[in-house]
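# An overview of the molecular structure
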2 protein chains.
Amino acid sequence: MKSLLIICDGMGDRLTSGKTPLEAASTPWMDKIAKEGINGIMDSVRTGTRPGSDTAHLSLFGYNPFKVYTGRGPLEAAGAGLTLKTGDVGIRCNFASVKDKKIVDRRAGREEYGLQELANDIDGIEIDGVKTIFKKCPGHRGALVLRGTNLSSEVTDSDPEEINVGIRKSVPLDDSEEAKFTSGIINKFTKITTEILEDHRINEEREKLGKLPANAILMRGSGIKPEIERFEMRHGVKGACISATDLIKGICRLVGMDVIDVEGTTGHVDSNIKGKALATIDALKSYEFVFLHIKGTDEASHDGDFEAKKMMIERIDKEVIRPILENIENTNVVLTADHSTPVSVREHTADPVPIAIYGDVRTDLVDKYTERDCARGDLNRICGRYLMDILFDLSNKAKLFGA
Amino acid sequence: MKSLLIICDGMGDRLTSGKTPLEAASTPWMDKIAKEGINGIMDSVRTGTRPGSDTAHLSLFGYNPFKVYTGRGPLEAAGAGLTLKTGDVGIRCNFASVKDKKIVDRRAGREEYGLQELANDIDGIEIDGVKTIFKKCPGHRGALVLRGTNLSSEVTDSDPEEINVGIRKSVPLDDSEEAKFTSGIINKFTKITTEILEDHRINEEREKLGKLPANAILMRGSGIKPEIERFEMRHGVKGACISATDLIKGICRLVGMDVIDVEGTTGHVDSNIKGKALATIDALKSYEFVFLHIKGTDEASHDGDFEAKKMMIERIDKEVIRPILENIENTNVVLTADHSTPVSVREHTADPVPIAIYGDVRTDLVDKYTERDCARGDLNRICGRYLMDILFDLSNKAKLFGA
C-alpha cells in the first residue's frame, strides 16, 4: 500500500468557551477518517515539549530533533531554494527600516516594492574570504548563506526582535575562533549591506511613494547545515512534499524528498488548498509516500482567531480531505498536526495533537476527529518520532529488526 | 507472589473481514484473564518497529535489543545445545540440495533421512586454526559455531535465500582483518563440506530412495556471542523456560534461565501444548518466574491461515490457559505475544500486541482478550522492555531506585 501524511499546521488547540476549533467545526470527512480508522494523540517531539514547526517536522519524519536540529536558518535557506554544502551557515533575514540608527519597522512595512532588486544587489558579497549568498523570500523575508571554511553557528542574532532599538552586534556564543570569526562576518555584512541599501535608488523610490525604506538586513536563527540521513535511506521509501511554506520545503529538500510546487498556494487561510489536494492525488500515482502540509490553521491560531481557524478547518475538510478520500485507493492515510497552537495562547504549545490513521488498521470506537475524541482511540498516546515507522509498517514497507 | 509470562508467538493480528483471529476465536479462559486483570497494548521492541522473534524476546526479558542483539546465529546455536564462549561466532545452517553448482532446494526436500550421520561427519573440522562445531537441528536445519581467535560476525551469508543460483561467496562487511579472515573460513567450510557430502554414502542412499541429496550447507545470520547480563542478575529472580523453539531456548540459555523440555512439543499447531501447561504448573512450584512460549500461532500466521490460527488460539485457551488458571495460585500471570504476524501479511509487523496481567493488579473494564479490547484497558500502551519490571514489581520482587 501507499502512504499519505497530511499535516495541518498548529491544528491542535485547547478549550475556548468549552470547545476546541476542531470540536466547533463541521468536519464530516475528517470524521470519516476517524470513524473508519484508528485514533490517538501524539507528542510530536516529546511529552511536554513545545515544538517549533521545524523540530516537529524533523521528528515526524523520524529524526531525533535533539540530535539533528541546528537552527532554523539552514532549513529556511534550503526552503528558499539555496543549496547548502557541508559547513555552510544558513541565516534567516528580514528587510527592515532603520532611522537614526534605530529600527522603526522590523519588516520594512511588509512592503515588497523593489525588494528583489535590493536582494540582487546584496547577493554575492565576499567578506574575509567568506562568500555570502542572499536570496529574497516571500514578503519581507530573505535567506542568507555564509560559505567558507571555519564557520560556526554559535553566534547571536543581529535582529533584536523589537523596535526603537539599534541593530544588535552579533557576538560569539562560545570561545572558539570560528564563532568569533563568524560573528565578525555577520557584523560586517550588516555594515556593508546598510551602506548599499541606504543610498539605493529603490529606497529613494520607496520614500517618494510614501513607503518605508528597506535599508537594513536583520539576521536571526543562524545554523550550520545539519547532517541528516536521507529519508529514503532511513525509511526505504522515496517521498514527495507538497507545501507552500519555505521552512517545510527546506526540511523536505534537506532529507531528499521531491518538492512539488502548486500554483496559488500562499501558506495563508486563502491558499489554493484544493490545488494541493489535486496535486496530492496526482503525486500518489508515482510516489510511495506523499506528505501534504497545510499552513493556514497555524496562521489563524497565531492571530488568536477562533472563527478563522474553525473556517480553515472546514475548508480543509471540504476542499482537501473530501477529494482525497474520494480519489485515492490502496493508501494508508495519516491525518494529524505538527503541534498545537491554541488560539487562546497564540503560540505553539505541547498539548498533544490528534491523530487518525485510515487504511489497513484495526479500527476503534472513535467517530469524530477532535483532540478529545482521538484521545480515547486505540492508538493511545504515541511519540511523533515513530510515526513514519508506524505508517510504513502498515503499508508493509518496513524492514524486520532481527529475525 | 510468583510470576508467569505466557507468550503466544505472533498472536497479534490485523483485521481480516473485519475481525482478528483472537476476535473470531472463542476464548473464555483468556477472557477471564482480561476480565479479572488489567489490560493494554504493547510495543515489544519500539513503537513502529517490526520485531524478529529474537529481538522481541530479548526486549521482553528486559534487555535493549538495539544494544545486545548480534544476530540470530548464536541464539540458534545456543538453542541447539551448543555452548558458546566469548568470541565464538554462531551461524544458522540448512542442509540443501545442489545440482550442477546451482541450488535446487534450500531445504534438501525437508527430508531428514541420514542427516544426523551427515552432521556427525562434518562436525569438528579445523580450518586455519579455527575449530568448527556443527550440530543437526530439527528438520533440515543445523547450527554452526566457529571457535578461534580474531573472528568477526561482519560477514555476508553463503545462503542466497533463493534457488536456481549458486551458493554465495561470503565477503567481509567491514575493513577489518577479522571479517576478511572469517569470511574466508566460511567459504572454506562450504568447499570442504561440499566435498564430504557430495560422495557420502547417505546421499547415494537418498538418491536411490528418490530423495533429494543433502549435499551442501547454506549458512546465514552469523553473529558473535552476545554479551548479555544474566536474567537473575538483572531481575533478582531465577527463571525457567518452557519452549519447543530452539531460538527461544537459546535466548533463555544465554541469559541463564533453566530450560525445561517437554515431550511431544513441536513448535507446530499439533504440539503437545497441554504437556507444556502441566510442565508450567509444575515449574511454578520451584521457580519464582516461569516463561511459557507457544509457537503454533506464529506458524499458522506465516502460512496465512486464519482458520488454523483461530483454532490454535482456541486450543491454547482450552489446553493451556484453563489448566493453568485452575491449578496455580499466588501468581501474577502475563498473557501476551512477542509481535503481531497478521495472516494477511504473513510476516511479523509492528502492530502492538494485546497484553493482560492477572493477579495483584488494578482491574479495569476490559472483559475480552483481543487486540482492540485490550487497547481500551488501563495499562494503556506500554513498551515491552519494561514488562519484566512491571511483572516483578507486581510480584514484589523489584528493588527500589533511590531511597
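All values derive from a computational prediction rather than experimental measurement. Every chain's residues receive numbers from 1 upward, in the order its sequence appears when written. In the order they appear in the text, chains get letters beginning with A and ligands get numbers beginning with 1. The predicted nature of this model means local features are confined to residues of pLDDT at least 70 and side-chain atom pairs, given and counted, to a pLDDT of 80 or more, with totals for whole chains, interfaces and linings taken over all residues.

So, on to the sheet that holds strand E13 (residues 353-358) of chain A. In a beta sheet, neighbouring strands are held together by backbone hydrogen bonds and run either parallel or antiparallel to one another. All names here are of chain A. Strand pairing requires that DSSP identify at least two bridges connecting the strands. Only DSSP runs of H or I covering at least 4 residues are called helices, and only runs of E covering at least 2 are called strands; the numbering of each starts at the N terminus. Read across the sheet, eight strands follow the order E10-E9-E11-E1-E12-E13-E2-E14 without closing on themselves; strand pairing throughout is mixed. Both outer strands of the open sheet, strand E10 (258-259) and strand E14 (380-383), are each paired with one neighbouring strand and no more. Pairing of strand E1 (residues 2-8) with strand E12 (residues 331-336) involves six bridges; the strand directions are parallel. Following the sheet pairing, Lys2 is matched in E12 by Thr331. Once C-beta atoms are placed from the backbone, any two residues with those atoms within 7 Å are in contact. Note on geometry: axes are lines fitted to C-alpha atoms, helical ones only across the stretch in contact, with angles between N-to-C directions running from 0 to 180 degrees. Along the sheet face, helix H2 (residues 28-36) touches strand E2 (38-43), E12 and E13 and points at about 70 degrees away from the line of E13. Helix H11 (residues 273-283) rests against E1, strand E9 (239-242) and strand E11 (289-294) of the sheet, and its axis sits at about 175 degrees to E11.

What follows covers the interface of chain B and chain A. Counting residues at the interface gives 27 residues for chain B, matched by 19 residues for chain A. Among the secondary structure elements, those contributing two or more residues to the side of chain B that touches chain A are strand E3 (50-51), helix H3 (53-60), helix H14 (371-374) and strand E15 (380-383) of chain B. In this classification, the charged set is Asp, Glu, Lys and Arg, the nonpolar set is Ala, Val, Leu, Ile, Met, Phe, Trp, Tyr, Cys and Pro, and all remaining amino acids, among them Gly, are polar. For the side of chain B that touches chain A, a count of residues per class yields nine nonpolar, nine polar and nine charged. In this sheet, E3(B) lies alongside strand E15 (residues 400-401) of chain A in parallel orientation, the contact comprising two bridges. Residue A:Leu400 lies in a different strand from E3(B), and its bridge partner there is B:Arg50.

Moving on to the relation of the copies chain B and chain A. For the match of chain B to chain A, the screw axis carries a shift of 0.2 Å, the RMSD comes to 0.1 Å, and the turn is 121 degrees. In short, the pair behaves as if placed about a three-fold rotation axis. Closest approach to the rotation axis within chain B is made by the C-alpha atom of B:Asn380, at a distance of 3.8 Å. Of all interface residues in chain B, a mere 7% are interface residues in chain A too; the two copies therefore contact each other through different surfaces. The atoms used to superpose the copies are C-alpha atoms, taken from residues with pLDDT of at least 70 in both, and the fit is least squares.

A few words on the pairing of E9(A). Residue and element names in this part refer to chain A. Any residue whose C-beta has 12 or fewer other C-beta atoms within 10 Å is treated as exposed, any with 20 or more as buried, and any in between as partly exposed, C-beta atoms being built from the backbone. The alternating pattern of E9 places Gly239 and Cys241 and Ala240 and Ile242 on opposite faces, both of which are buried. Relative to E11, E9 runs parallel, the two being bridged by four bridges. Among the inter-strand pairings, Ile242 is bridged to a residue of E11, identified as Leu292. In this structure, E9 lies alongside E10, joined through two bridges in parallel fashion. Its bridge partner lying in E10, Ala240 is registered against Asp258. Here the term right-handed applies to a crossover when the path leading from its first strand over the helix to its second strand runs clockwise, the strands being oriented away from the viewer. Once the chain exits E9 it traverses helix H10 (residues 246-254) before rejoining the sheet at E10, and the crossover so formed is right-handed.

Here we come to the nonpolar core. In terms of nonpolar packing, the biggest core is built from 115 residues, with A:Ile6, A:Ile33, A:Ile242, A:Val290, A:Val334, A:Ile355 and A:Ala356 touching the most fellow members. Boundaries between domains were set according to an automatic or database domain assignment. When residues of this core are assigned to domains, at least three map to each of domain 1 (2-69 + 229-394) and domain 2 (76-224) of chain A. Setting aside chain neighbours within four positions, we find A:Ala356 in contact with A:Ile33, A:Ala34, A:Gly37, A:Asn39, A:Leu335, A:Tyr369 and A:Cys374. One nonpolar core equals one set of buried Ala, Val, Leu, Ile, Met, Phe, Trp, Tyr and Cys residues connected by C-beta atoms within 7 Å. In terms of nonpolar packing, the next biggest core, distinct from the first, is built from 111 residues, B:Ala240, B:Ala277, B:Ile321 and B:Ile324 among them.

All names here are of chain A. For chain A, the domain assignment lists domain 1 (2-69 + 229-394) and domain 2 (76-224). Taking only C-alpha atoms into account, the centre of domain 1 sits 32 Å from that of domain 2. Listed as interface residues are seven residues of domain 1 and, on the opposing side, six residues of domain 2. Along the lines of polarity and charge, the residues of the side of domain 1 that touches domain 2 split into three nonpolar, one polar and three charged.

A separate point is unusual backbone geometry. Residue and element names in this part refer to chain B. Of note in this structure, Asn150 is not a glycine but carries a positive phi near 65 degrees. By secondary structure assignment, the location of Asn150 is in the loop between strand E8 (141-147) and helix H7 (177-198). With a phi close to 60 degrees, Asn396 is a non-glycine residue in the positive phi region. Topologically, Asn396 is positioned in the segment after helix H15 (387-394).

So, about the sheet that holds strand E2 (residues 38-43) of chain B. Residues and elements named next belong to chain B. Read from one edge to the other, the open sheet built from eight strands follows the order E11-E10-E12-E1-E13-E14-E2-E15, with strand pairing classed as mixed. Two strands lie at the open edges of the sheet, namely strand E11 (258-259) and E15, each paired on one side alone. In this sheet, strand E14 (residues 353-358) lies alongside E2 in antiparallel orientation, the contact comprising five bridges. Looking at E14, one finds that Ile38 is bridged to Ile357. Running over the sheet, H15 touches strand E1 (2-8), E2, strand E13 (331-336) and E14 and is turned about 155 degrees from E13.

Take the environment of B:Leu394 next. Residue and element names in this part refer to chain B. Its place among the elements puts Leu394 in helix H15. Under the C-beta neighbour-count criterion, Leu394 is labelled partly exposed, with 19 such atoms within 10 Å. Taking the C-alpha atoms as reference points, Leu394 and Phe289, 105 residues apart in sequence, are found 12 Å from one another. Residues contacting Leu394, with those up to four places away along its chain left out, are Asn332, Ile357, Gly359, Asp360 and Val361.

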